[in-house]
Amino acid sequence: MIELLHASVGNIIGFRIGGTLTGHDLTGILITDLERVFIEYGVIRLLLEIRDFEGEDPEIALQKAIPDELPGSIERLAVVVPEEEHGTWTETALQSALASAGATVRFFPPGRREEAWDWVAAGGKHTAKVPSISGP
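Nothing here was measured: the structure is a model prediction, and the numbers come from that model. (Residues numbered from 1 in each chain as written. Predicted model: local features only at pLDDT ≥ 70, side-chain atom pairs only at ≥ 80, totals over all residues. Heavy atoms only, no water.)

**Comments concerning the sheet that holds strand S4 (residues 74–80)**
Stage number 1. Read from one edge of the open sheet, 5 strands run S1-S2-S3-S4-S5, paired in mixed fashion. The open sheet has two edge strands with one neighbour each: strand S1 (2–4) and strand S5 (104–108). Each adjacent strand pair in this sheet contributes to an overall mean axis angle of 20°, direction not counted.
Stage number 2. As paired strands, strand S2 (residues 12–19) and strand S3 (residues 44–53) are joined by 7 bridges and run parallel to one another. (Pairing = 2+ DSSP bridges. Helix = DSSP H or I, 4+ residues; strand = E, 2+ residues; numbered from the N terminus. Axes fitted to C-alpha atoms, helices over the stretch in contact; angles between N-to-C directions.)

**Things to note about the pairing of S4**
Stage number 1. Within S4, 5 of the 7 residues are buried, which leaves it mostly tucked inside the rest of the structure.
Stage number 2. Sheet topology places S3 next to S4; 6 bridges connect them, and they run parallel. For Leu47, the partnering residue across the bridge sits in S4 and is Ala78.
Stage number 3. Direction of pairing for S4 relative to S5: parallel, over a ladder of 5 bridges. Bridge pairing links Ala78 to Arg106 in S5. (Buried < 20%, exposed > 50% of the residue type's maximum accessible area, 1.4 Å probe, protein only.)

**Some words on the pattern of salt bridges**
Stage number 1. Counted according to the given criterion, the structure contains 8 salt bridges.
Stage number 2. Arg51 is the salt-bridge partner of Glu49, the closest N and O atoms lying 2.6 Å from each other.
Stage number 3. Residue Arg51 is classed as partly exposed on the basis of its relative accessible area, which comes to 38%.
Stage number 4. Measuring nitrogen to oxygen at the nearest pair gives 3.5 Å for the salt bridge that ties Glu115 to Arg106.
Stage number 5. By relative accessible area, Glu115 is classed as partly exposed at 34%.
Stage number 6. What makes Arg106 partly exposed here is its relative accessible area of 31%.
Stage number 7. Residues joined in a network through salt bridges with shared partners are Glu3, Arg16, Glu49, Arg51 and Arg113. (Salt bridge = Lys/Arg side-chain N within 4 Å of Asp/Glu carboxyl O.)

Note that all results are geometric; they support no functional claim without further evidence.
What follows is the structure, given as structure tokens:
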């Protein structure tokens, strides 16, 4: 399951990833929304909140999910993930896939989700203030 987070605004976009990923999740939600932001702004600031992930191998899913032209357009990536997941596939896959393309990647525990949004939004010429969040 991939869900667009309601606090997404402008080129600051967030997704909750959990459960089992389907082809529709990757192409119908994630890719569609990332491409829309890329076309409109050219720069993407992305937040991924990963919770209770059960499905496809996450590294393979992320490689399929992000089209070749998008990694260079992702300027900042905040990953909200439980601390026990640090150092696992998340950090390895995201650091190698995006840091090499020039993105700054930072990890946050779930209790610091609002701080993750603020960090993603900070700086950059095409960003907007992310509204205060209290839910999805």
